[in-house]
Amino acid sequence: MSFYDLLWMAMRAFKANRIRSFLTTLGIVIGVSAVIAMLSVGKGASEKIQEQIASIGSNLIIVLPGSTTAGGVRMGLGTQPTLSIGDAQAVAKECPSVLRVAPIRAGVAQVVYANMNWATGVVGTTEDYFEMRDWKVVSGRVFSDEDVRSASKVAVLGQTVVDNLFVGEDPVGKVIRIKGMPFTVIGVLERKGQSPMGQDQDDTIIVPVSSAQRFLFGTTFPGQIDRMMVQAIGPQYMEDAQEEVKQAILQRHKQEDFTVRNLTQFLQVQEQSARVMSLLLLSVASVSLIVGGIGIMNIMLVSVAERTKEIGIRMAVGAKVWDIRMQFLLEAVILSTLGGFVGIILGVVSSYLMSKAFSWNILISISDILIAFSFSFFVGILFGFYPAYKASNLNPVDALRYE
């Protein structure tokens with residue numbers, strides 16, 4: 001029999017059992033749509049984490065001060081100020097694996113412009129901070145080394161601060177008051193979005209570290225900073241840079257009253273966790289496809305039992321084993337591929353709706369669609385083979401006498 005004849009017979013069988021055929025393909029539809037939805041959400045989450053990792057900079061190490069003990073209770077990192085500008089200068093000078101160092105003196109302050117006010121985080125640092133975080137300005141400029149040395153009262157604003165203080169105005173050149181001190185706005189940063197911790201990175205004002213020390217937050221000892229960010233010259237030098245930073249500061253402090261952490265490594269752990277979760281969700285969704293395949297096999301076995309006499313007649317008039325086998329296998333494949341096609345449409349639509357309803361990032365690729373469709377095709381072959389094999393092995397005499 002030709003392929004056209006087999007296809008015509010399969011369509012005739014589907015037409016005779018419309019409801020059963022629809023319910024049979026429903027399992028494949030749900031399975032394929034679930035696979036596409038989970039893949040798109042998982043890839044979207046991974047891409048979002050990648051963007052967040054890129055937003056904080058690459059090859060970064062953070063150095064935190066020590067901790068204190070009060071009333072027998074050990075406080076967290078950073079509760080004991082131990083780091084200074086001198087430590088940052090020593091790291092920059094003595095560590096060959098280090099590209100840049102940015103000391104940070106930060107705090108929260110009330111900011112006023114005209115009749116508007118806003119509470120935000122203020123970061124005192126050096127010009128290297130912008131390079132380390134790959135943070136560019138959309139207008140104006142960042143402060144210079146001369147501004148740091150002279151403790152200039154200049155500020156660079158994040159987009160959230162601009163949105164809340166300057167409505168329809170260009171902030172560059174305007175004077176704002178931070179904790180009552182006048183600072184001239186010299187630049188506006190590009191939008192960064194949320195950090196991996198869920199914080200708004202654009203809700204910030206960046207000033208020279210010397211200005212933060214002298215005019216805003218003060219120091220309990222000369223040159224005090226809250227932490228420092230260190231950038232290695234490359235990802236392969238991260239471990240060397242960590243050890244060099246540790247030894248350089250340890251040589252100055254004579255005790256380990258600080259902590260050195262690989263910030264990029266921490267964020268990569270988050271990315272790996274997201275990938276594991278995506279794989280878990282995909283595995284659960286794939287079960288739906290297997291269940292749909294089992295449904296196809298069950299229905300095809302029922303179809304073989306119902307059409308046993310038909311099979312006997314066809315064999316009696318000359319149909320070959322291969323013709324019978326291909327007839328039922330083709331029916332199973334058509335059911336599964338048709339379900340796969342509808343499932344793709346449903347999966348794309350459901351992914352889009354989830355992204356709108358829950359503000360999730362989604363990423364649908366052609367390769368994911370092809371994988372899901374191919375899976376549905378092979379499910380039809382895998383679970384349709386046994387019923388087809390059983391039908392082709394029927395004895396024509398027994399089949400003709402079957403009631």
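Bear in mind the structure is a predicted one, so any value in this text is a computation, not a measurement.

Moving on, we get to the pairing of strand 12 (residues 258-262). Of the two faces of strand 12, only one is covered, namely that formed by Phe258, Val260 and Asn262; the face formed by Thr259 and Arg261 stays uncovered. Of the strand pairs in this sheet, strand 1 (residues 60-65) and strand 12 are connected by five bridges, and their pairing is antiparallel. Opposite Ile62, over in strand 12, you have Arg261 as the bridge partner.

Before going further, it helps to spend a moment on the packing of helix 11 (residues 321-358) against helix 12 (residues 366-392). Direction vectors running N to C along helix 11 and helix 12 enclose 155 degrees, while the axes themselves pass 7 Å from each other. Relative to helix 12, helix 11 is oriented roughly antiparallel. In the crossing of helix 11 with helix 12, the sense of the turn from one axis to the other is right-handed. Of the residues assigned to the contact of helix 11 with helix 12, the class counts are 17 nonpolar, seven polar and one charged.

Turning our attention to the nonpolar core. Nonpolar side chains in soluble globular proteins tend to be buried together. Of all hydrophobic cores here, the largest spans 37 residues; its most connected members are Val63, Val91, Met228, Val230 and Val245. With 29 residues, the next largest nonpolar core counts Ile36, Val304, Ile334 and Ile344 among its residues.

Before going further, it helps to examine the environment of Glu47. Considering the arrangement of structural elements, one finds Glu47 in helix 2 (residues 18-56). Take Glu47: its relative accessible area is 35%, and that puts it in the partly exposed class.

Looking now at the pattern of salt bridges. Scanning all chains against the criterion turns up twelve salt bridges. Residue Arg20 pairs with Glu306 through a salt bridge whose shortest N-O separation is 3.1 Å. Of this pair, Arg20 sits in helix 2 while Glu306 is found in helix 9 (residues 263-306), placing the two residues 286 residues apart along the sequence. Residue Arg141 pairs with Asp147 through a salt bridge whose shortest N-O separation is 3.3 Å. Where salt bridges share partners, they join Asp145, Glu146 and Arg149 into one cluster.

Conventions and cut-offs
- Chains are numbered independently. Their residues run from 1 in the order of the written sequence.
- This being a predicted model, a pLDDT of at least 70 is required before a residue's local features are given, and a value of 80 or more before pairs of side-chain atoms are given or counted; all residues contribute to the totals for chains, interfaces and linings.
- Water and hydrogen atoms play no part in the side-chain values, which are based on all heavy atoms of the structure.
- For every residue, the accessible area (1.4 Å probe, protein chains only) is compared with the maximum for its type, and the residue is labelled buried under 20%, exposed over 50%, or partly exposed between those bounds.
- Helical segments are the DSSP runs of H or I of at least four residues, strand segments are the runs of E of at least two, and each set is numbered from the N terminus.
- Two strands qualify as a pair provided DSSP detects at least 2 bridges between them.
- Helix axes are fitted only over the stretch in contact, all axes being lines through C-alpha atoms; the angle between N-to-C directions runs from 0 to 180 degrees.
- For classification purposes, an angle smaller than 35 degrees is called roughly parallel, one larger than 145 roughly antiparallel, one from 65 to 115 roughly perpendicular, and anything else oblique.
- When the near helix sits turned anticlockwise from the far one by under a right angle, the crossing is termed left-handed; a clockwise turn instead gives a right-handed crossing.
- Note on residue classes: Ala, Val, Leu, Ile, Met, Phe, Trp, Tyr, Cys and Pro are nonpolar, Asp, Glu, Lys and Arg are charged, and everything else, Gly too, is polar.
- The definition of a nonpolar core used throughout is a set of buried Ala, Val, Leu, Ile, Met, Phe, Trp, Tyr and Cys residues joined through side-chain atoms within 4.5 Å.
- When a carboxyl oxygen of Asp or Glu is within 4 Å of a side-chain nitrogen of Lys or Arg, the pair counts as a salt bridge.

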